[in-house]
Amino acid sequence: MSDLESLAGVAGSELSTEQIHAILNQIDLDVLNLVRDGKLSALKYAVGTDPRASVDRKANLEALLKARKQYEELLRERLKREGDAEPGWEVSQAEVWDRS
């Protein structure tokens, strides 16, 4: 299939709530894979065997978090429009205390 030369004639439908949830899940997985095992670094790392090709993990993380925020807002607007107040997930935070 050849690349499109313009957006003329391109049509699509609105994302479903399930599709937005799936996108958010994929973004969360990508973030987890990026930061796990202490791999997150502002330094660039080589990709493949070409030392000139590199990816900035910090930039990738920022892009993923920005995309997640946009899709989360889209989901929030959708659920509000459909009559649901908030997305169907809970976020918790652990308390950390000093033992000294």
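Note that the structure is predicted; figures quoted are calculated from it, not measured.

What counts, and where the lines are drawn
Every chain is numbered independently, its residues counted from 1 as its sequence is written. The predicted nature of this model means local features are confined to residues of pLDDT at least 70 and side-chain atom pairs, given and counted, to a pLDDT of 80 or more, with totals for whole chains, interfaces and linings taken over all residues. To get the side-chain values, take all heavy atoms of the structure and skip hydrogens and water. Secondary structure elements follow DSSP: runs of H or I of four or more residues count as helices, runs of E of two or more count as strands, with numbering from the N terminus. Each residue is assigned to one of three classes by its accessible area relative to the maximum for its type, calculated with a 1.4 Å probe on protein chains only: buried under 20%, partly exposed between the two thresholds, exposed over 50%. Here, axes are lines fitted to C-alpha atoms. For helices the fit covers the stretch in contact, and angles between N-to-C directions go from 0 to 180 degrees. When an angle is under 35 degrees it counts as roughly parallel; over 145 it counts as roughly antiparallel; between 65 and 115 it counts as roughly perpendicular; any other value is oblique. We call a crossing left-handed when the near helix sits turned anticlockwise from the far one by less than a right angle, and right-handed when that turn is clockwise. Buried Ala, Val, Leu, Ile, Met, Phe, Trp, Tyr and Cys residues that are joined via side-chain atoms within 4.5 Å together make up what is termed a nonpolar core. Any two residues whose heavy atoms approach within 4.5 Å are treated as being in contact. Expected helix span is computed as 1.5 Å times (number of residues minus one). The directions from the helix axis to the C-beta atoms form the arc being described.

(A) Quick peek at the overall build of the protein. Across its full length, the protein carries 2 helices and 2 strands. The N-to-C order of helical and strand elements in the protein reads α-β-β-α. Among the 100 residues that make up the protein, the fraction classed as buried is 14%.

(B) Region of the structure containing the packing of helix α1 (residues 17–35) against helix α2 (residues 57–82). Relative to each other, α1 and α2 sit at 155 degrees, their axes nearing to 9 Å. As far as their axial angle goes, α2 and α1 are roughly antiparallel. As for the relative orientation of α1 and α2, their crossing is left-handed in sense.

(C) Summary view of the nonpolar core. Listed in full, the 5 residues of the largest apolar core are Ile27, Val31, Leu34, Leu61 and Leu64. Where this core is concerned, the elements lending two or more residues are α1 and α2. Examining the composition of this core, we find that 3 residues originate from one element, α1, more than from any other. Beyond its immediate stretch of four places on either side in the chain, isoleucine 27 contacts Leu64, Ala67, Arg68 and Tyr71.

(D) Structural detail: α2. Here α2 spans 37 Å end to end across 26 residues, near enough to the 38 Å set by a 1.5 Å rise per residue. Immediately downstream of α2, the backbone of glycine 83 shows phi near 100 degrees, a positive value.

(E) View of α1. An ideal rise of 1.5 Å per residue puts 27 Å on 19 residues; α1 measures up with 27 Å between its terminal C-alpha atoms. Residues of α1 that are buried: Thr17, Ile20, Leu24, Ile27, Val31 and Leu34. In an axial view of α1, the angular spread of the buried residues amounts to 110 degrees, which keeps them on one side of the axis. Opposite the packed face of α1, turned more than 90 degrees from it, sit the exposed residues Glu18 and Asn25.

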